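Spelled out from the first residue to the last, the chains are:
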Amino acid sequence: MEPFVYEALPARVVFGHGTVGQLPDEVARLGCARTLLVATPQQAQEAEHFAAMLGGRCVGTFVQATMHTPVEVTARAMQVVAERKVDGVVAVGGGSTTGLSKAIALRSDLPQIIVPTTYAGSEMTPILGETADGQKKTQRSLKVLPEVVIYDVDLTLTLPKGLSGTSGLNAIAHAVEGLYARDTNPIISLMAEEGIGALSRALPTIAVDPLDQTARSDALYGAFLCGAVLGAAGMALHHKLCHILGGSFDLPHAETHAIILPHALAYNAPAIPRPIARMERVLGTANAPLRLYELGREVEAPRALKDIGMPAAGIGVAADLAMANPYWNPAPLQRKEIERLIERAWEGLPPG
Ligand code: NAD
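Residues numbered from 1 in each chain as written. Predicted model: local features only at pLDDT ≥ 70, side-chain atom pairs only at ≥ 80, totals over all residues. Heavy atoms only, no water.

### A short note on the site of the ligand
So the rule is basically this: When at least one non-hydrogen atom of a residue lies within 4 Å of a molecule or strand, that residue is treated as near it. As used in this structure description, the phrase polar contact means that two N or O atoms lie within 3.5 Å; if the pair is within protein, one of them must be able to donate a hydrogen and the other to accept it, and residues adjacent in sequence are counted only when both atoms belong to side chains. For every accessible area listed, the method is Shrake-Rupley and the probe measures 1.4 Å; residues are considered covered only by the protein chains on display. Where each domain begins and ends follows an automated or database-derived domain assignment.
In the vicinity of the ligand lie 23 residues, with Thr40, Ser96, Thr117, Thr118 and Thr125 positioned nearest. A distance of 2.6 Å separates an oxygen atom of the ligand from a polar side-chain atom of threonine 40. Histidine 253 has a polar side-chain atom sitting 3.5 Å from an oxygen atom of the ligand. Compared with its free state, where it exposes 870 Å², the ligand has 86% of that area covered by protein. In this structure, the shell around the ligand is formed jointly by two domains, domain 1 (12–156) and domain 2 (161–347), each of which donates at least three residues.

### Structural notes on the sheet that holds strand β4 (residues 88–93)
Sheets are built from strands that pair by backbone hydrogen bonding, the pairs being arranged parallel or antiparallel. Operational definition: Strand pairing is defined by DSSP finding a minimum of two bridges between the two strands. Secondary structure elements are defined from DSSP: runs of H or I of at least 4 residues count as helices, runs of E of at least 2 residues count as strands, and each element is numbered from the N terminus. Throughout, an axis means a line fitted to C-alpha atoms (over the contacting stretch in the case of helices), and angles, computed between N-to-C directions, take values from 0 to 180 degrees.
Within the open sheet, the 6 strands sit side by side as β1-β8-β5-β4-β2-β3. Their pairing is parallel. Each edge of the sheet is formed by a strand with only one pairing partner; in this case those strands are β1 (12–16) and β3 (58–62). Here the average twist between neighbouring strands, direction ignored, is 15°. As paired elements, strand β2 (residues 35–38) and β3 share 4 bridges and run parallel to each other. Its bridge partner being in β3, leucine 36 is matched across the sheet by glycine 60.

### Observations regarding helix α3 (residues 71–83)
Cut-off, in case you're wondering: In a helix, the anticipated span is given by 1.5 Å times the number of residues less one. Exposed residues in this analysis have more than 50% of their type's maximum accessible area, buried residues have under 20%, and partly exposed residues fall in between, with area computed by a 1.4 Å probe over protein chains only. What the arc covers is the set of directions going from the helix axis to the C-beta atoms. Note on definitions: a residue-residue contact is assigned when non-hydrogen atoms from the two residues lie within 4.5 Å.
Taking 1.5 Å per residue, 13 residues should reach 18 Å; α3 reaches 18 Å between its end C-alpha atoms and fits that length. Those residues of α3 that fall on the buried side of the exposure criterion are Val73, Thr74, Ala77, Met78, Val80 and Val81. All buried residues of α3 lie within an arc of 160° about the axis, which places them on one face of the element. Relative to its buried face, α3 has exposed residues pointing more than 90 degrees away, namely Ala82 and Glu83. Summarising the contacts, the buried residues of α3 are in contact with β2, β3, α4 (95–108) and β6 (127–132).

Written out as structure tokens, the structure reads:
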């Protein structure tokens, strides 16, 4: 065994069917008496339902969570936090809702209970991305790491087929980069491999039958593991490219990850023989990038950046940006090769 450093992140995880029923107990366990329930406008009904479930321990709902966590929205939420003397945040939703909860925690140090309803994995990380003046900046702070995460499989049954597939591939991307991260270790690798396996088996079933309970349970378990990997390991080319593409061309988050993943992995593959061997074992394939590209087709995820709103003129711009601030990556970063990668992803071609 090679030497390694493993730092466990302090979070309590409750997983199962119907687990959201334990929300009042978890709130009481944290000693919160005046929680604020946050959600997106699309999940306002659920927010009201869970607020009612908390009764006197909830002082209101704030259902304005928005993709990429704009600071103006957080400012409005902070006003409510101050006015109602909030002492804890409960977030029900995907990565956008979790982002708002984390932004509140960063400014207030309030405890958070997250009830994730997608596979984005943000609930397991001390990472927060916020947008101010059109620029998204990411930071790491233990202040934003949620205290409690309640995974309830039943709440994921309503996640539409399309978003289930892209969100699941977004989660797989965390684990793929965790397997070859500079600071990876045997524990992260175990979680990554298990996460990739659970999601890659479950997602094609969900694409056919979104109400399949076993597949939904496996997918959420996989998402938990992949989120934990994202929280514990540094990321490389794939996440960097998705960040650039999302920020520069306002592309949807999960879809961008789903499209880029096979291409970024193909780029790095020659430099990471052992992680590739692990992925191929768990995916049951002799070509991991191609298998992930096919998985995208099976879950009906978009395959081409041109189909999700990226202009052709953006290819060169994105390649320049990917080279602008140096960062660690297992394969050397070469401008021409990166441009070719983005070009293939823009066209929707199989990974090169
Ligand atoms: P999202 O949270 O924006 O959700 C997309 C839409 O689906 C929303 O309208 C939401 O209300 C709806 N939805 C969510 N769950 C549903 C369900 N079960 N049934 C029906 N509708 C549902 O999408 P996302 O992909 O989960 O999150 C993306 C955001 O998360 C991005 O801003 C991204 O940067 C961030 N993120 C952050 C981290 C981190 O560690 N900081 C990790 C992953 C993603």
